[in-house]
Amino acid sequence: MKRSERKISGRANNISDADPIDKVQIYGAGTAGSFLYVLLKQSGFKVGIKDIRKEPDCKCAWGIMYREANKIYKKIGIDLQDYVLARPEYVITNKIEFKNKNVVIFDKKKLLEDVWKEIEFKEIEADILVDSTGHRRALLPAIKEDKIYPTIQTIEEHRAEENIYVYACKTGYAWAFPLGNNRWHVGAGDIDETKATELIKKLREEFEFRKDHEICKCKGKIRLLPPSKCKPFVSKNIVGIGEAIGCVSGLGEGNVPSLRSAEILYDCLVNDELDKFESMIMDEFRWIEVEHKFIEAIQEGKRLTTLLLLPKVVAIESKRSAKLSVRGMRRLIKLLK
Ligand SMILES: Cc1cc2nc3c(=O)[nH]c(=O)nc-3n(C[C@H](O)[C@H](O)[C@H](O)COP(=O)(O)OP(=O)(O)OC[C@H]3O[C@@H](n4cnc5c(N)ncnc54)[C@H](O)[C@@H]3O)c2cc1C
């Protein structure tokens, strides 16, 4: 649905003037929207949800931080363990090894299909509208200097050790994720498709992933801006969550941040504290701001800033995803100098 076609329904145009909110219409039943729908429904809210897709397509975004995601999904009765395809031992980036602590590869399509079984798709007259339309941000005002990267990806068969393989350059990276049974998800995101294709070529050369075993391929898009650059989060009676408001890390992690942003909105609605939503999002995702600053410094060739931010980013990721040895850290510094 185009923003210009959307009639803002509901009894108030300015949320802060409204009575407690009990009717919510969600647009976008992806990671954040579908989770929010079930949470609200469980708590007795009247909820409508709509998506432009007929069913969850693969979109291949299958890496997730197990601890955080499992805790969040438990709230709607989902055990993430049932969807885990692989637990890679290492994340190998430009030949530097990170010991994986928390990243699993999961079957996102199957998980979303199961959540969709709980959903009755319909539109209702609501107090607020939720924009969870991901990179499309179909309801909230457009972002002036938006940064949306194209991605290309394939599923392929290979015999390789079950690690996550990454080939990164200044503006993007290519990845190979194990999906179990010798199936791999190979893809890349960069400022344009030509660069992304080039990155995949480099990844194939570096890790010996030959091209001749493609099972399927598709394209996607990802917003690579932090929340601070995706304001407003709230406009009239529209509230954004997920990628629509920049809940994607500088390294492209959007699954847990999107879920977490939905959880924050849920807490605000239950406690009748929507006025705190923006500050709560900013507090929660300080680490995302740091990662984006780091990536920006690399892209702009600001070496000192890059090196100053590096220990912070390594500390964030050692806590969230994968740990770097002292030797690895030395190699990384050398690479970034
Ligand atoms: C190729 C690729 C790989 C990725 N890999 C990872 C990864 O490994 N790990 C990770 O953590 N993150 C990854 N991400 C990022 C992550 O997938 C997203 O950040 C996350 O899914 C965002 O969740 P969301 O709910 O905000 O949006 P989405 O999950 O994108 O959902 C948006 C939904 O809105 C619907 N929609 C769009 N327009 C409208 C409209 N006008 N009306 C109604 N519905 C609409 C769409 O159909 C969709 O269902 C990847 C992204 C891409 C593109």
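Participant: I would appreciate a short explanation of the overall build of the protein in the present structure.
Facilitator: Within the protein, the regular secondary structure consists of nine helices and 16 strands. Computed over its C-alpha atoms, the radius of gyration of the protein comes to 20 Å, within 12% of the 20 Å expected for a compact globule of 337 residues. For the protein, the spread of C-alpha atoms along the principal axes amounts to about 60 × 45 × 35 Å. A fraction of 70% describes how many contacts in the protein between residues 6 or more apart in sequence connect residues 24 or more apart.

Participant: Please clarify how the domain arrangement of the protein should be interpreted in this entry.
Facilitator: How big an interface is tends to be stated in terms of the accessible area lost upon association of its parts. Its domain assignment divides the protein into domain 1 (3-85 + 105-147 + 224-292) and domain 2 (148-223). Here the C-alpha centroids of domain 1 and domain 2 sit 27 Å apart. Facing the 16 residues of domain 1 at the interface are 15 residues of domain 2. Residues belonging to the side of domain 1 that touches domain 2 are distributed by class as follows: eight nonpolar, four polar and four charged.

Participant: Is there a simple way to think about the pairing of strand S10 (residues 164-168) in this case?
Facilitator: Taking burial as the measure, the five residues of S10 include four buried ones, the bulk of the element. Bridge analysis of strand S5 (residues 90-93) against S10 gives three bridges, and the strand direction is parallel. Each residue of the ladder has a partner; that of Thr-93, found in S10, is Val-166. Where S10 and strand S11 (residues 173-178) come together, four bridges link them in antiparallel fashion. Residue pairing for S11: Tyr-165 is matched across the bridge by Ala-176.

Participant: Sorry, what's going on with unusual backbone geometry here?
Facilitator: Excluding glycine, residues mostly have negative phi values, and the peptide bonds linking residues are mostly trans. Cis geometry marks the peptide bond from Lys-231 to Pro-232; its omega dihedral reads 5°. Note on placement: Pro-232 falls in the loop between strand S13 (214-223) and strand S14 (234-235). The phi dihedral of Asn-182 is positive, around 65°, even though this residue is not glycine. Judged by the 13 C-beta atoms lying within 10 Å of it, Asn-182 falls in the partly exposed class.

Participant: Is there a simple way to explain helix H4 (residues 193-207) in this structure?
Facilitator: Residues spaced three or four apart along an α-helix face the same direction, because each turn holds 3.6 residues. With 15 residues, H4 should cover 21 Å at 1.5 Å per step; its first-to-last C-alpha distance of 21 Å lies within 8% of that length. Buried within H4 we find Ala-196, Leu-199, Ile-200 and Leu-203. For H4, the angular spread of buried residues about the axis comes to 100°, placing them on one side. In this structure, H4 carries Thr-194 and Glu-205 as exposed residues pointing more than 90 degrees from its buried face. With its phi angle positive at about 55°, Glu-208 sits one or two positions after the end of H4.

Participant: Looking at this structure, I do not really get the sheet that holds strand S12 (residues 183-189). What am I missing?
Facilitator: Spatially, eight strands are ordered S13-S9-S12-S11-S10-S5-S6-S16 in an open sheet, and the strand pairing comes out mixed. Two strands bound the open sheet, and with one partner strand each, they are S13 and strand S16 (322-324). Here the strands of the sheet are splayed against their neighbours by 20° on average, with no regard to which way each runs. Relative to S16, strand S6 (residues 96-100) runs antiparallel, the two being bridged by three bridges. By the bridge assignment for S16, Lys-99 is matched with Lys-323. Sheet strands touched by H4: strand S9 (148-157), S10, S11 and S12. Its angle to S11, the strand with the most contacts, is close to 55°.

Participant: Can you walk me through helix H7 (residues 286-299) in this structure?
Facilitator: If you check H7, its first and last C-alpha atoms are 20 Å apart, about what 14 residues at 1.5 Å a residue would give, namely 20 Å. Within the span of H7, buried status applies to Ile-288, Glu-291, His-292, Phe-294, Ile-295 and Ile-298. Down the axis of H7, the buried side of the element spans an arc of 155°, and every buried residue falls inside it. Where the residues of H7 are buried, they touch helix H5 (255-270), helix H8 (303-320) and helix H9 (326-336). Note on H7: the residue one or two positions beyond its end, Gly-301, has a positive phi of about 70°.

Participant: Whenever I open this one, the environment of Lys-293 confuses me. Can you help?
Facilitator: Position of Lys-293 relative to the elements: it lies in helix H7. Through-space distance from the C-alpha of Lys-293 to that of Val-313 is 9.9 Å; in sequence the pair is 20 residues apart.

Participant: Quick question: what am I supposed to make of the site of the ligand here?
Facilitator: Near the ligand, the surroundings consist of 37 residues, among which Gly-28, Gly-30, Gly-134, Gly-242 and Gly-254 are the closest. At the level of secondary structure, the elements contributing two or more residues to the shell around the ligand comprise helix H1 (31-42), strand S3 (63-65), S9, S13 and H5. The class makeup of the residues in the shell around the ligand is 13 nonpolar, 17 polar and seven charged. Composition of the shell around the ligand by domain shows at least three residues from each of domain 1 (3-85 + 105-147 + 224-292) and domain 2 (148-223).

Procedures and definitions
- Residues numbered from 1 in each chain as written.
- Predicted model: local features only at pLDDT ≥ 70, side-chain atom pairs only at ≥ 80, totals over all residues.
- Helix = DSSP H or I, 4+ residues; strand = E, 2+ residues; numbered from the N terminus.
- Rg over C-alpha atoms; globule rule 2.2 N^0.38 Å.
- Contact = placed C-beta atoms within 7 Å.
- Domains from an automatic or database assignment.
- Nonpolar A, V, L, I, M, F, W, Y, C, P; charged D, E, K, R; others polar.
- Buried ≥ 20, exposed ≤ 12 C-beta atoms within 10 Å, placed from the backbone.
- Pairing = 2+ DSSP bridges.
- Expected span 1.5 Å × (residues − 1).
- Arc of directions from axis to C-beta.
- Axes fitted to C-alpha atoms, helices over the stretch in contact; angles between N-to-C directions.
- Near = placed C-beta within 6 Å.

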